[in-house]
Amino acid sequence: MLIQFSATNYRSIGEKQVLSLLPATNQKDYLENIFEKDGHKALNLVALYGANGSGKSNLLKAMEEFIYIIEGSSNRGSKQRLWQDPFLLREGWDELPTTFEMVFCLAEVRFRYGFSYNDTHILTEWLFSKGAGREVNVFQREKDVIDPSSSLKGNTRIIDAAIEATKDNALFLAALDALNVDVAGKILQFCQQILVVDGMRTSFLGKMESVWGGDALKEEVTKHLKRLKLGLIDVKSIKDESARKDDGSPDYKIFAEHRLYDKDGKPTKRSVKWDYFEKESSGSVKALEISGPTVATLVLGGILIIDEIEAKMHPLLTLDTINLFLNKETNPKNAQLIFSTHDTNLLTYAKMRRDQIYFVEKNHWESTEIYSLSDFVYVNEVDGSETKERPDTDKEKRYIEGRYGAVPVLGPLSNLIRAVNG
């Protein structure tokens, strides 16, 4: 269960920005969008809206970078660079560290784990846990000084060995995992359940070994595609032994099977098969590509992050993907979806709570800032009183009108007309 993620000084993100999946207090709409496990509550979905260039993608990339640094730490050479990508539009910020932090729940324990780094070093690292009582420190790190507390369960000699093995450019968490310290293994396992997908670049997803290499998931993906009414009666896969991906895993040939009709246009019992990626429409191809991660996340109960979820897809297909996460019957494992989009129809037709809608825009020094609709207030110019947005408001209309911000601010059309006409 993901509770919160924050990023500081990463790409277009200057000051700390926090994306929270905690339900807002005193908000009663769509209570079914909240799931509770082991005494902890979280939202099943969050949507990000904003103009092009506002930083939506960078916030999602920050989550991907957080996972990448964690998973790559154990294999990182001692001289290998971390390739920090800081905010560059304010003097001195290129010399400041980048900081990531994630709050999540495993079993009955809430963890808060994060780190800061520059191009060559992990500068700080911390892990806190909270069970039934207050939050306690598990370990803290300041450069090469690592201070584990008694809350870090494990053999003292093993923990000391992990401290000695931790490189300047690698995480202490990874060293603990390499020596089979239980809490580290659980945290890395949680991170492996987070999948980040770029909706504009999904071509690699259509032939995933994790989908077509196992019968159970393959069957679920095929049923999902047939349910979308794309004209398919079946989807079949054949392992292509002559083609291997860069990582050595096998490639797959995917075939779409359609009904064959007789001369009078009546259906027969025969069918026609062809290469899915050669003959199906771009929308059907996108549906195939996105169905693997979607179904896998729903089946396993992970976290799916999609940038520009609506790319190449009909609005109804986009809405259908979102509804799979909002519906408890299709999401029994409490999977979570975080996505960015420009599809304003979802503000009307997707049953999202106000705390599930985030807006992203640049401030006056071009740094990305995010805020939730549940935090949005109207200020009375006469008496200064504040009122929050009502749950039954036409959110799509108000967003397009610019009431919430996070929309493109266009220059006057006359400038373009003058430029075209010389």
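These numbers come from a predicted model, not from an experiment.

Draft legend 1. Here's a closer look at the overall build of the chain. From N to C terminus, the chain includes 12 helices and 20 strands. Relative to the 2.2 N^0.38 estimate, which gives 22 Å for 422 residues, the radius of gyration of the chain is 24 Å and therefore close to what a compact globule would have. Here the C-alpha coordinates of the chain stretch approximately 80 × 65 × 55 Å along the principal axes. Out of the 422 residues belonging to the chain, those deemed buried represent 49%. Of the contacts made within the chain by residues no fewer than 6 positions apart, 60% connect residues no fewer than 24 positions apart. As presented, the chain carries roughly 21,800 Å² of accessible surface, and 49% of it is formed by carbon and sulfur atoms. For the chain, the separation between the mean place of its 55 positive charges and that of its 62 negative charges on side chains is 5 Å.

Draft legend 2. Quick peek at the sheet that holds strand β10 (residues 145-148). Pairing is antiparallel in the open sheet, where 7 strands are placed in the order β2-β1-β6-β7-β8-β9-β10. At either end of the open sheet lies a strand with only one pairing partner, and these are β2 (17-20) and β10. Recorded for the sheet is a direction-independent mean angle of 10° between the axes of neighbouring strands. Where strand β9 (residues 136-142) lies against β10, 4 bridges are found, and the strand directions are antiparallel. What sits directly across from F139, in β10, is P148.

Draft legend 3. Representation of the sheet that holds strand β18 (residues 368-372) within the structure. Reading across from one edge, β11-β15-β16-β5-β17-β18 is the order of the 6 strands in this open sheet, with mixed pairing throughout. Strands at the two margins of the open sheet, each flanked by one partner only, are β11 (194-198) and β18. On average, adjacent strands in this sheet sit at an angle of 15° to one another, irrespective of strand direction. Helix α9 (residues 315-326) contacts β5 (45-50), β15 (303-307) and β16 (336-340) of the sheet and is inclined by roughly 150° relative to β16.

Draft legend 4. Structural detail: the side chain of S20. Checked against the element boundaries, S20 lands in strand β2. Accessibility expressed as a relative area gives 14% for S20, which makes it buried. At a separation of 3.1 Å, a polar atom in the side chain of S20 contacts the main-chain amide nitrogen of L22. Not counting the four nearest positions on each side in its chain, S20 is found in contact with I3, Q4, V46 and Y358.

Draft legend 5. Just the packing of aromatic side chains, in detail. Summed over the entire model, instances satisfying the criterion amount to 22 aromatic pairs. Taking the centre distance of 4.9 Å and the plane angle of 90° together, the rings of F139 and F172 count as edge-to-face. Linking F139 in strand β9 with F172 in helix α3 (residues 172-178), this pair joins segments that are 33 residues apart in sequence. Classification of F139 as buried rests on a relative accessible area of 0%. Linked through ring pairs, F5, Y10, F66, F100, Y113, F115 and Y117 together constitute an aromatic cluster. Taking NZ or CZ as reference, R81 lies 5.5 Å from the ring centre of W83, over its face.

Rules and cut-offs
- Along each chain, numbering runs from 1 in the same order as the chain's sequence is written.
- With the structure being a predicted model, the display of local features is reserved for residues of pLDDT at least 70 and the display and counting of side-chain atom pairs for 80 or more, all residues being used for whole-chain, interface and lining totals.
- To obtain the side-chain values, all non-hydrogen atoms of the structure were included, while hydrogens and water were left out.
- Think of it this way: any DSSP run of H or I at least four residues long counts as a helix, any run of E at least two long counts as a strand, and we number them from the N terminus.
- Atoms counted for the radius of gyration: C-alpha only. Globule rule: 2.2 Å times residue count to the power 0.38.
- Burial classes follow relative accessibility: with a 1.4 Å probe on protein chains only, a residue under 20% of its type's maximum area counts as buried, one over 50% as exposed, and anything between as partly exposed.
- We call two residues contacting when some pair of their heavy atoms lies within 4.5 Å.
- Using a 1.4 Å probe, accessible areas were evaluated by the Shrake-Rupley method; residue-level cover was limited to the displayed protein chains.
- Positive charges come from Lys and Arg alone, negative charges from Asp and Glu alone, with His and the N- and C-terminal ends not counted.
- Taken as the charge location is NZ of Lys, CZ of Arg, CG of Asp or CD of Glu.
- Strand pairing is assigned whenever DSSP identifies at least 2 bridges connecting the two strands.
- The axes used here are C-alpha line fits, helices contributing only the stretch in contact, and every angle between their N-to-C directions lies in the interval 0 to 180 degrees.
- Two N or O atoms form a polar contact when they lie within 3.5 Å of each other; inside protein one atom must be a possible hydrogen donor and the other a possible acceptor, and for residues adjacent in sequence the pair counts only when both atoms belong to side chains.
- Aromatic rings from Phe, Tyr and Trp, taking only the six-membered ring of Trp, are treated as a pair when their centres fall within 6.5 Å; an angle between ring planes under 30 degrees marks them as stacked, one over 60 as edge-to-face, and anything in between as tilted.
- Charges are assigned to positions over rings by a cutoff of 6 Å between ring centre and Lys NZ or Arg CZ, combined with an angular limit of 35 degrees from the ring normal.

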